[in-house]
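Below are the chains, spelled out letter by letter.
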Amino acid sequence: MDIAREAAQLKKALNESRYTVAITGAGISLSAGGMSFDHENVEELLPLASENVLRNEPDRYYKLLDHAFLHSMFANEPSYAHKALRSLEINGLLQGIITTNVDCMHTIAGSENVAEIQGSLQINRCTKCGKHFDDYHIWKQGTVPRCDECGDVIWTFPFYSGIGLYEEGLKKAQEWISRADLILIIGANGSYGNAYFNCRKRDAKIIQVNPGKTNFDGYASINIHAGADEVFQLIA
């Protein structure tokens, strides 16, 4: 089946669904300059993003974040697919986005209902007093931000949690996916099984948009093997 016909099926499913949730991963951000991190990359990254580096070498810590996330966040616009999901939300065709991405690109694109299950750079806290600074703009100043209460350095959830799961985002993901008639998989590779994906309704329709094979292939009734930007341009 050609991509145009599959995209038409996706559009039809969106129009027929009463409750749609999108699950997104690194693939949706690649055209916006984002990076894709596999398990090996993450294992190498975490020691460099430790509290010890943050306290003793804040410039090095900031450069690491800038290379991995900040430059693409602030220098590039969200991808076409990010913007398309926001448009679907505005038009009542998308009720929520579940993402493993920490780059805040869905928020930057304007999406309001986003469950960041691994947190993001808009979830931050002081290393000393624990005060929260939940705004990605604090990373825009060109250096590691400092707490306005105690003056200590601030670090971000993906690193202080050891790339752990964010409870608030996870609860949203579980609730939304349990209500979904249609689940869109966009640029994501893993389902996080018991964490939220197994909460889905068993009769939910699943459509995947991803250039390569993923853990979702066996779940999806339609696998569109193409980039997200290309597909969403076809259904615009």
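Look above for the structure.
Quick summary incoming for the structure in this document.

**Section: the nonpolar core**
Judged by nonpolar contacts, the single largest core of 29 residues is most densely connected at Y61, L65, F69, L70, M73, L121 and W139. Mapped onto this core, the elements with two or more residues apiece are α3 (51-56), α4 (58-75), β5 (154-156) and α7 (157-160). Among the elements that take part in this core, α4 stands out by supplying eight residues, more than any other. Residue contacts for L65: discarding those within four places in its chain leaves L70, L121, W139 and F159. Judged by nonpolar contacts, the second largest core, of 24 residues, contains A7, A22, L85 and I186.

**What about helix α5 (residues 80-90)?**
Taken as a whole, α5 has its buried residues at A81, H82, A84, L85, L88 and E89. Axial view of α5: buried residues confined to an arc of 165°, hence all on one face. Close packing links the buried residues of α5 with α1 (3-16), β1 (20-24), β2 (96-99), α6 (105-109), β6 (182-186) and α9 (228-234).

**Details of the pairing of β6**
Among the five residues that make up β6, five are buried, leaving the element largely enclosed by the rest of the structure. The alternating pattern of β6 places L182, L184 and I186 and I183 and I185 on opposite faces, both of which are buried. Bridge analysis of β1 against β6 gives five bridges, and the strand direction is parallel. The partner of I23 across the bridge, within β6, is I185.

Cut-offs applied
- Residues numbered from 1 in each chain as written.
- Predicted model: local features only at pLDDT ≥ 70, side-chain atom pairs only at ≥ 80, totals over all residues.
- Heavy atoms only, no water.
- Core = buried A, V, L, I, M, F, W, Y, C linked by side-chain atoms within 4.5 Å.
- Buried < 20%, exposed > 50% of the residue type's maximum accessible area, 1.4 Å probe, protein only.
- Helix = DSSP H or I, 4+ residues; strand = E, 2+ residues; numbered from the N terminus.
- Contact = heavy atoms within 4.5 Å.
- Arc of directions from axis to C-beta.
- Pairing = 2+ DSSP bridges.

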